[in-house]
Amino acid sequence: MKKWLNPYFLVAIIMMLLGTVFSGTSNVLASENNEQTSEVNLKVMTYNLRYLNNNDPSPHTWAERLPAIKKLIRMERPDIIGTQEVLYQQLKDLNDSLPDYEWIGLGREGGNKGEYSAIFYNENRYSPLEYDHFWLSDTPNVIGSKSWGNSIPRMVTWAKFLDKQSDQQFYVVNTHFDHQSAEAREKSAELIIEEIKAFDSELPVVLTGDFNTSPNSLPHQTLTSDGAFSDTWDTAKVRMNENLGTFNGFRDPTGGGPERRIDWVLAKGNVVANSFEILDYYKNGQFPSDHYPVIVDLAFPY
């Protein structure tokens, strides 16, 4: 006697088979989507915040400037801030004032001693995967070391970040070149080029800093030659306040003019600079710092 399948059982089998087919199709489409280009949009600021000292007269004491700096950062909401010249107390004050941010850094003389080249990042979106420091000297792994005619130690702080939204990675390198020794600035540029060779070459790198020299200088040429970095001032689709410099000295609204554009955001790899701006924010005769910050909107297509 022939046995016939229960019609309800037959329908269940057909639905299960169709589900398998569509599931396979869905997996293929998901795989194809994963292979498509994704993009990380990153708003980067570089800012020399002027170290805390007792010689700056009102209204440029640190206590008076801190609210203005906090207001500026909250207005612009950068994702990453490369800071220069900050002392540990200033870092604590900033950390208390900017609850969405964390920072990475080390004093240039080790521990919390001396000025930092600290990197602030929006911890809601980015996680540091690796970070380290090196000194701008013949012995870059020796804390507080100096060479090449500079009287104070100079250093680099770097970090590899994960963008939590896209699951993509990138590097940020932050520094402060010497203000006296031209040789130190030139060799510092060469050392940075050498040190970043250890980075994953597939990932973009952003270099922020106060370089204490003009964009026509040898350090700038070294950093932007032979496919090293590009200056986002040159590559940005939109440039704002290009007639300004970045060192206002608490008194010069022009920032010293284009030849005093000493604070740079450089980029390496597959990076698109959508906009570049020197932020000449000041009010009632008060400058938040003796440098203007630079802010750049970047995109990393992966």
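Residues numbered from 1 in each chain as written. Predicted model: local features only at pLDDT ≥ 70, side-chain atom pairs only at ≥ 80, totals over all residues. Heavy atoms only, no water.

- Per an unreviewed UniProt entry, the recorded name for the protein chain is Endonuclease/exonuclease/phosphatase domain-containing protein, and the organism is Metabacillus litoralis.

A word on the overall build of the protein chain
Logical step 1: Tallying secondary structure elements over the protein chain gives 6 helices and 13 strands in all.
Logical step 2: Restricting the contact set of the protein chain to residue pairs at least 6 apart, pairs at least 24 apart contribute 72%.
Logical step 3: Summing over all exposed atoms, the protein chain offers an accessible surface of approximately 14,600 Å²; the carbon and sulfur share of this is 50%. (Helix = DSSP H or I, 4+ residues; strand = E, 2+ residues; numbered from the N terminus. Contact = heavy atoms within 4.5 Å. Areas by Shrake-Rupley, 256 points an atom, 1.4 Å probe, with all protein chains shown as cover.)

Focus: the pairing of strand E1 (residues 39-48)
Logical step 1: Among the 10 residues that make up E1, 7 are buried, leaving the element largely enclosed by the rest of the structure.
Logical step 2: Two elements, E1 and strand E13 (residues 294-301), share 8 bridges in a ladder whose sense is antiparallel. Across the sheet, the residue bridging to Met45 is Ile295, located in E13.
Logical step 3: In this sheet, strand E2 (residues 80-84) lies alongside E1 in parallel orientation, the contact comprising 5 bridges. In the sheet register, Val44 faces E2, and the bridge partner there is Ile80.
Logical step 4: Handedness of the E1-helix H2 (residues 62-76)-E2 crossover: right-handed. (Buried < 20%, exposed > 50% of the residue type's maximum accessible area, 1.4 Å probe, protein only. Pairing = 2+ DSSP bridges. Right-handed = clockwise from strand over helix to strand, strands pointing away.)

A few points about the confidence of the model for the protein chain
Logical step 1: Residue-level pLDDT values for the protein chain average 91, and 88% of them are 70 or greater.
Logical step 2: Here residues 1-14 scores under 50 on pLDDT; set against residues more than four positions off or in separate chains, the count is 1 contact.
Logical step 3: Confidence drops under a pLDDT of 50 for residues 20-35, and excluding neighbours within four residues, the segment shows 0 contacts in the predicted structure. (pLDDT = per-residue confidence, 0-100.)

A few points about empty space enclosed by the protein
Logical step 1: This model, assessed by the stated rule, comprises 2 cavities of 30 Å³ or more.
Logical step 2: In this structure, the largest cavity occupies an estimated 60 Å³ of space.
Logical step 3: Lining the largest cavity we find Arg108, Glu115, Tyr116, Ser117, Pro153, Arg154, Met155 and His176.
Logical step 4: Residue composition of the lining of the largest cavity, by class: 3 nonpolar, 2 polar and 3 charged.
Logical step 5: Around the second largest cavity sit Tyr47, Leu49, Ile73, Ile81, Thr83, Leu94, Leu98 and Phe120, which together line it.
Logical step 6: In terms of residue class, the lining of the second largest cavity is made up of 7 nonpolar, 1 polar and no charged. (1 Å grid on protein atoms, 1.4 Å probe; cavity = no way out; pocket = protein on both sides within 12 Å on 5 of 7 lines; lining within 4 Å. Points joined across faces, edges and corners; volume = space filled by probe spheres on them. Nonpolar A, V, L, I, M, F, W, Y, C, P; charged D, E, K, R; others polar.)

Some remarks on the nonpolar core
Logical step 1: Membership of the largest hydrophobic core comes to 27 residues, with the highest contact counts inside it found for Ile80 and Phe161.
Logical step 2: Mapped onto this core, the elements with two or more residues apiece are E1, strand E4 (119-122), strand E6 (155-163), strand E7 (168-176), strand E12 (272-278) and E13.
Logical step 3: Here this core takes 4 residues from E13, the largest share from any one element.
Logical step 4: Other than its neighbours up to four places away in sequence, Phe161 contacts Ile80, Ile104, Ile119, Tyr121, Tyr126, Ser127, Pro128, Leu129, Gln168, Gln169, Phe170 and Val172. (Core = buried A, V, L, I, M, F, W, Y, C linked by side-chain atoms within 4.5 Å.)

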